[in-house]
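One-letter residues, chain by chain:
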Amino acid sequence: SRIAGISTSLIRRMLEITASKKNVINLSIGEPDFDTDEIIIEMACEAMRRGYTHYTSNFGLPELREAIANRYNVEMKNVMVTTGASEALLNISLAFIEEGSKVIIPTPNFLSYFTYAKICKAKIVQIKTHSNNFELDPDQLNEVMDDKVSLIFLNYPNNPTGVVMDKSKLKAIVEIAQDHDAIVVSDEIYDQIYYDKKPYSLAGYENVIVVNGFSKCLAMTGWRIGFIIADEKFMDPILKVHQVNGVCAPAFAQKAVAEVLSEGIADIIIKRMVEEFRERRDFVYKSLKNVFDVVKPEGAFYIFPNVGMDCITFTEKLLMEKGVVVTPGIAFGDGNENYVRISYSVSMGQLKEAVNRIISFVT
Ligand code: PMP
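Please read these numbers as outputs of a predicted model, since none were measured by experiment. (Residues numbered from 1 in each chain as written. Predicted model: local features only at pLDDT ≥ 70, side-chain atom pairs only at ≥ 80, totals over all residues. Heavy atoms only, no water.)

Some details on the packing of aromatic side chains
Here a ring pair, both rings aromatic, is described through the centre-centre distance and the interplanar angle of the planes.
Inference 1: Inspection of every chain in the model, using the stated rule, returns 17 aromatic pairs.
Inference 2: Summarising the aromatic geometry, the rings of F214 and F227 are spaced 5.6 Å apart at their centres and angled 45 degrees between planes, so their arrangement reads as tilted. In this pair, F214 is assigned in the loop between β7 (208–213) and β8 (226–229) and F227 in strand β8, connecting sequence segments 13 residues apart. Accessibility assignment for this pair places F214 and F227 in one class, buried.
Inference 3: Put simply, the rings of F34, Y190, F277, F301, Y302 and Y344 touch in pairs and so form one group of aromatic residues.
Inference 4: Between K233 and the ring centre of F234, over which it is positioned, the NZ or CZ distance is 4.7 Å. (Phe/Tyr/Trp six-rings, centres within 6.5 Å; stacked < 30°, edge-to-face > 60°. Helix = DSSP H or I, 4+ residues; strand = E, 2+ residues; numbered from the N terminus. Buried < 20%, exposed > 50% of the residue type's maximum accessible area, 1.4 Å probe, protein only. Lys NZ or Arg CZ within 6 Å of the ring centre and 35° of its normal.)

Structure below.
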């Protein structure tokens, strides 16, 4: 019954259609199109040769925890390294979502939050953010809050909209949660990929658990390094799940990340990637705003236009007629029936061609 409401059919169907067509441009990708930098690969190979092939502490290598703690101005005891942000999110969910409790998920949002809530047999309460530039409105949250709420998932910069939330609103949300003894899970996985508006981190607030990782900012999705920043009181419950779930992140990958962080190389790698994403963001926003109702993304590498028709019909026709793959909005929660997610994690050349095809499809 825990997995009864979880579906994988949408993705499978899209993949089947994509495989049957030639010259397809895929704008449904949820990871950077960049490869992991050669320097990190070298560091990892070297680490493997030096024996970083065993388990590490459940909390992670001390040098990596320390580098992360320094970045957030917290102590090492507040940092746990996990097998990607995904493992962190599942650990937190299993530790803190009581069966039958309410879990608040602003929509649109990253699909996995719905899955975590379902696995934990929670009651999902969705708050629509469409009329609010895709930001969660504290007043709307206040209306649905009660003491049955165990947890609130936040994700800014947001997947699928790219929206970055204001500091004042974020703080208001944390306060409302605190009043009701609820935990805020702030998934900040895209925090290094931003354009004009700098994301505000909720690390350090007593009832907030921050989740982050290196999958996106260092283009390391296959390496599986994530982390949690939380008050010490949360660490033991999370450890009880982590010790039987992820156990520890790959040792050589942890070592390589610790080294690029401490040597300041990570910032250079991130900056180079973000500059390229910015060019694509500018191009895709400028082109699409002429044909769709769309909010300007301030982070991540997604844009979420309202296409003015049923998203499944739009997605299937666009693929069949023009060979462009996008993700239908319904994958991101309620109220997204007329939206699609476009990922600009493809080369500028491919993006230009894909945008031309989309515009010729709708005009
Ligand atoms: N959170 C969000 C919002 C994401 O988009 C993703 C990746 N698609 C993740 C978490 C998972 O990241 P990881 O690879 O570190 O598990």
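A few points about the nonpolar core
Note on soluble globular proteins: their nonpolar side chains tend to be buried together.
Inference 1: If you look at the biggest cluster of nonpolar residues, it comprises 117 residues, and the most contacted ones within it are L27 and L218.
Inference 2: With eleven residues, the single largest contributor to this core is helix α10 (residues 265–288).
Inference 3: When near neighbours in sequence (up to four residues on either side) are disregarded, L27 contacts V324, V325, V326, R341, I342, S343, V346, L351, A354 and I358. (Core = buried A, V, L, I, M, F, W, Y, C linked by side-chain atoms within 4.5 Å. Contact = heavy atoms within 4.5 Å.)

Observations concerning the environment of L141
Inference 1: Mapping L141 onto the fold places it in helix α6 (residues 138–144).
Inference 2: Classification of L141 as buried rests on a relative accessible area of 0%.
Inference 3: Sequence-wise, L141 and I25 are 116 residues apart; in three dimensions their C-alpha atoms are separated by 39 Å.
Inference 4: With sequence-adjacent residues up to four places away left out, L141 is seen in contact with I104, I127, I152, I173 and I176.

A word on the side chain of R357
Inference 1: For R357, the position within the fold is in helix α12 (residues 348–362).
Inference 2: Taking relative accessible area as the criterion, R357 reaches 11% and is therefore assigned buried.
Inference 3: Beyond its immediate chain neighbours, meaning those up to four positions away, R357 contacts N23, I25, K322, G323 and V324.

Quick look at the pairing of β7
Inference 1: Counting buried positions along β7 yields six of six residues, so the element is predominantly enclosed.
Inference 2: Of the two faces of β7, the one lined by V208, V210 and N212 and the one lined by I209, V211 and G213 are each fully buried.
Inference 3: Strand direction decides the pairing type here: strand β6 (residues 183–187) and β7, joined by four bridges, are parallel. Bridging across to β7, D187 finds its partner in V211.
Inference 4: Pairing between β7 and β8: four bridges, direction antiparallel. Along β8, the bridge assignment pairs N212 with F227. (Pairing = 2+ DSSP bridges.)

Quick look at the packing of helix α4 (residues 84–96) against helix α8 (residues 232–242)
Inference 1: Taken N-terminus to C-terminus, the directions of α4 and α8 make an angle of 110 degrees; their axes are 8 Å apart at the nearest point. One way to sum up the angle between α4 and α8 is to call them roughly perpendicular. Between α4 and α8 the crossing geometry is right-handed. Seen from α4, the contacting residues are E87, N91, I92, L94, A95 and F96; seen from α8, they are F234, P237, I238, V241 and H242.
Inference 2: Looking at side-chain class alone, the contact of α4 with α8 contains eight nonpolar, two polar and one charged residues. (Axes fitted to C-alpha atoms, helices over the stretch in contact; angles between N-to-C directions. Parallel < 35°, antiparallel > 145°, perpendicular 65-115°, else oblique. Left-handed = near helix turned anticlockwise from the far one by under 90°. Nonpolar A, V, L, I, M, F, W, Y, C, P; charged D, E, K, R; others polar.)

Thoughts on the layout of surface pockets
Inference 1: Size it by volume and the second largest pocket reaches roughly 420 Å³.
Inference 2: As for the second largest pocket, its lining consists of 19 residues, of which D191, Q192, Y194, K198 and I270 are closest to the centre.
Inference 3: Every element with two or more residues in the lining of the second largest pocket is listed here: α3 (62–72) and α10.
Inference 4: Among the elements that take part in the lining of the second largest pocket, α10 stands out by supplying six residues, more than any other. (1 Å grid on protein atoms, 1.4 Å probe; cavity = no way out; pocket = protein on both sides within 12 Å on 5 of 7 lines; lining within 4 Å. Points joined across faces, edges and corners; volume = space filled by probe spheres on them.)

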